[in-house]
Amino acid sequence: MKFYAVLLFAFFTVLLLQMGDCQKKKERTTQQIKKNKQNKIRVVNKNNAARGRKLKKERMFLDRDLKPTFIMTQVLDKGRFQKPKETLNLTAGQSIELRCKGDNIGWAYPSYQNISRLSIIQHQKYSQLRLDNARTTDTGEYSCWVRLCDGPECSKDDLKMGKTYIFFTDPTELFVPSINYFDIIYLRSDQPAIIPCRVSTPLAHVTLHREFPPQEIPTNGSLISYDAKKGFIIHRPNLEQKGVLHCVANLKGTLQTSSNYLLLYAEAFRGPPSATIEASSNAVSGGEHVNVTCTALGNPDLLVDFTWKYPGQQDERPVIITNSWRLIDQQNGHTIRLSKSMLYIDDIETIDVGDYICTAQNVMGETTVATAVFFDW
């Protein structure tokens, strides 16, 4: 009996020891799995960090590549070169030479230029612009850029450019001359307006004046400000500012007056011109003559083009077409452009009966209208 008790005790002891070993192995296995997972996660994090550093380096590299390059230099006396300042002040009568690096360079310069005094030569590695005997009319911005060409089509490389604004000062001519004696400036409520009375020297003090009634217009910098490179800037135009204005420049007591500017308040048309069409008579008899008039209203500074389709067009029926336009003031004080195209037909025949179609078009779009001419039997 004691023998069986001892044997049973030994059996349970061995069983408990085995269960303990299994539990320890399970715990070791669980810990190993967790450790492996942690190691795996750390590896992924290292890869992500490395990838992030790589992308950062790539972004820095791209940003460095996209940094604009200034390609313009000014040629000084005795073969010396320097990067031109944003603004240069020179005396009228001087000459200037600018160079821009590149084998295909485009230039822009003040439009009021005497070509005989200006020369541009493209060399193998740079382009050269030379202006001799400069005048106040040459005052303005001079810029260059690398031209990117794909066959006959070319575009500007915005990352390789250069520019400088040059004042050519003449004490006897303070204002940069205008091509027109009387310029029209359109005022719109949705955009600033510029009165382009630029000066040949930034040292001149410039004021703005109204013709009728004669008075100086205050410029406080918020509603109206002055920029020697542009002129007077009206930041928030309104109807009360319309009229005839001029500028006065004062340099060390010497006064000069600019040309006149007519300021008109324009209604802001957001689309194509509105058009109507009317015949002098829709019902006609053989042998009569007819006028068909197409009228368009639109932005005062946008030209309107007219095109016609009429019954005898394919048979080359002779017609007379005359176009005209004028500015008109509406009752609300707004100025608009009234454009007309008149088609005249003499000695009406059967071939002239049918629809007359007019299309009025500007850069904002087009409007088509039509009317019919028929025999009055």
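Residues numbered from 1 in each chain as written. Predicted model: local features only at pLDDT ≥ 70, side-chain atom pairs only at ≥ 80, totals over all residues. Heavy atoms only, no water.

### Thoughts on the layout of surface pockets
Convention followed: The definitions used throughout rest on a 1 Å grid laid over the protein atoms alone, on which a cavity is an enclosed set of points accommodating a 1.4 Å probe that cannot get out and a pocket is an open set flanked by protein within 12 Å on both sides along at least five of seven lines; lining residues are those having an atom within 4 Å of a point. Grid points are joined across faces, edges and corners, and a volume is the space filled by probe spheres set on the points. Charged residues are taken to be Asp, Glu, Lys and Arg, nonpolar residues to be Ala, Val, Leu, Ile, Met, Phe, Trp, Tyr, Cys and Pro, and polar residues to be all remaining types, Gly included.
By volume, the largest pocket amounts to about 290 Å³. Taken together, 15 residues form the lining of the largest pocket, with Val176, Pro177, Ser178, Pro196 and Arg198 sitting closest to its centre. Taken together, the residues of the lining of the largest pocket break down into seven nonpolar, four polar and four charged.

### As for the sheet that holds strand β7 (residues 118-122)
To keep things clear, this is the line we draw: Between any two strands, pairing holds if DSSP finds at least two bridges. Only runs of H or I of at least four residues qualify as helices and only runs of E of at least two qualify as strands under DSSP, and these elements are numbered from the N terminus.
An order of β3-β2-β5-β8-β7 is seen for the five strands of this open sheet, with the pairing classed as antiparallel. Because the sheet does not close on itself, it has two edges, and the strands there are β3 (81-82) and β7. Sheet topology note: the strand β2 (residues 72-75)/strand β5 (residues 96-101) ladder contains three bridges and is antiparallel. Bridging from a neighbouring strand, glutamine 74 pairs with leucine 98 of β5.

### A look at the side chain of threonine 335
Worth spelling out the cut-off: Whenever two N or O atoms come within 3.5 Å, that pair is a polar contact, provided that in protein one can donate a hydrogen and the other can accept it, and provided that, for residues adjacent in sequence, both atoms are side-chain atoms. Only heavy atoms enter the contact rule, under which two residues are in contact if any of them lie within 4.5 Å.
Along the chain, threonine 335 turns up in strand β25 (residues 335-345). Among the polar contacts listed, one links the side chain of threonine 335 to the side chain of aspartate 329, at a separation of 2.6 Å. Leaving out residues up to four positions away in the same chain, threonine 335 has contacts with Leu264, Tyr265, Ala266, Glu267, Pro300, Leu327, Ile328 and Asp329.

### Regarding a nonpolar patch on the surface
Threshold: The patch calculation keeps residues exceeding 30% relative accessible area without a salt bridge and links them within 9 Å when they carry like charges or within 5 Å when they are nonpolar (Val, Leu, Ile, Met, Phe, Trp, Tyr). Computed by Shrake-Rupley with a 1.4 Å probe, the accessible areas treat only the displayed protein chains as cover when residues are assessed. Salt bridges are defined as contacts in which a side-chain nitrogen from Lys or Arg sits within 4 Å of a carboxyl oxygen from Asp or Glu.
A surface patch of nonpolar side chains, amounting to about 270 Å² of accessible area, comprises Tyr109, Ile115 and Ile120. On the secondary structure map, isoleucine 120 appears in strand β7.

### Here's the deal with the sheet that holds strand β15 (residues 224-227)
As a reminder of what qualifies: In this description, a line fitted to the C-alpha atoms serves as the axis of each element, helices being fitted only across the stretch in contact, and the angle between N-to-C directions of two axes falls anywhere from 0 to 180 degrees.
Read across the sheet, three strands follow the order β12-β16-β15 without closing on themselves; strand pairing throughout is antiparallel. The sheet terminates laterally at β12 (193-195) and β15, the two strands that pair on one side only. With direction set aside, neighbouring strand axes in the sheet form an average angle of 25°.

### Observations regarding the confidence of the model for the protein
In low-pLDDT regions, the fine details of the predicted coordinates are not to be read closely. Formally: Every residue is assigned a pLDDT by the predictor, reflecting its confidence on a scale from 0 to 100.
Averaged over every residue, the pLDDT of the protein is 84; the share at 70 or more is 81%. Mean pLDDT values for the elements of the protein range from 46 in helix α1 (residues 2-66) up to 97 in strand β23 (residues 305-309). This model gives residues 33-63 a pLDDT under 50, and the stretch forms zero contacts once residues within four places in sequence are excluded.

### With respect to the side chain of serine 143
We count it as follows: Three labels apply to residues, based on accessible area from a 1.4 Å probe with only protein chains included: buried if under 20% of the type maximum, exposed if over 50%, partly exposed otherwise in between.
Looking at the secondary structure, you find serine 143 in strand β9 (residues 140-150). Among the residues examined, serine 143 registers a relative accessible area of 11% and is labelled buried.

### Overview of the pattern of salt bridges
One pass over the full model with this rule turns up six salt bridges. The partner of arginine 99 in a salt bridge is glutamate 97, with the nearest N and O atoms 3.0 Å apart. A residue is classified by how much of its surface remains accessible, and glutamate 97, at 10% relative accessible area, is buried. A salt bridge links aspartate 301 to arginine 188, with the shortest nitrogen-to-oxygen separation between them at 2.5 Å. One end of the pair, aspartate 301, is in the loop between β22 (290-298) and β23; the other, arginine 188, is in the loop between β11 (182-187) and β12, and 113 residues separate them in sequence. On the basis of relative accessible area, aspartate 301 is assigned to the partly exposed category, the value being 37%. Through salt bridges with shared partners, one network takes in Glu97, Arg99, Arg130 and Asp132.

### A short note on the packing of aromatic side chains
Stated formally: Aromatic pairs are defined between Phe, Tyr and Trp rings, using the six-membered ring for Trp, whenever the two ring centres lie within 6.5 Å; interplanar angles under 30 degrees are classed as stacked, those over 60 as edge-to-face, and all others as tilted. As a reminder, the over-ring test applies to NZ of lysine and CZ of arginine, requiring each to be within 6 Å of the ring centre and within 35 degrees of the ring normal.
Across all of its chains, the model carries two aromatic pairs by this definition. Arranged with centres 4.7 Å apart and planes meeting at 55°, the rings of tyrosine 226 and phenylalanine 232 form a pair that is tilted. Residue placement shows lysine 156 over the ring face of tryptophan 145; its charged tip is 4.0 Å from the ring centre. Directly above the ring of tryptophan 325 sits arginine 337, whose terminal nitrogen or CZ lies 3.8 Å from the centroid.

### Here we look at the environment of glutamine 191
Here glutamine 191 shows up in the loop between β11 and β12. Sequence spacing of glutamine 191 and isoleucine 234 is 43 residues, and the spatial spacing of their C-alpha atoms is 9.0 Å.

### A word on unusual backbone geometry
For the bond from phenylalanine 212 to proline 213, the omega torsion is -10°, close enough to zero to count as cis. The backbone phi angle of asparagine 133 is positive, close to 50°, even though this residue is not glycine. Tracing the backbone shows asparagine 133 in the loop between β8 (126-131) and β9. For asparagine 133, a relative accessible area of 40% translates into the label partly exposed. In the Ramachandran plot, aspartate 347 falls in the positive-phi region, its phi being about 60° despite a non-glycine side chain. Within the fold, aspartate 347 resides in the loop between β25 and β26 (354-362).

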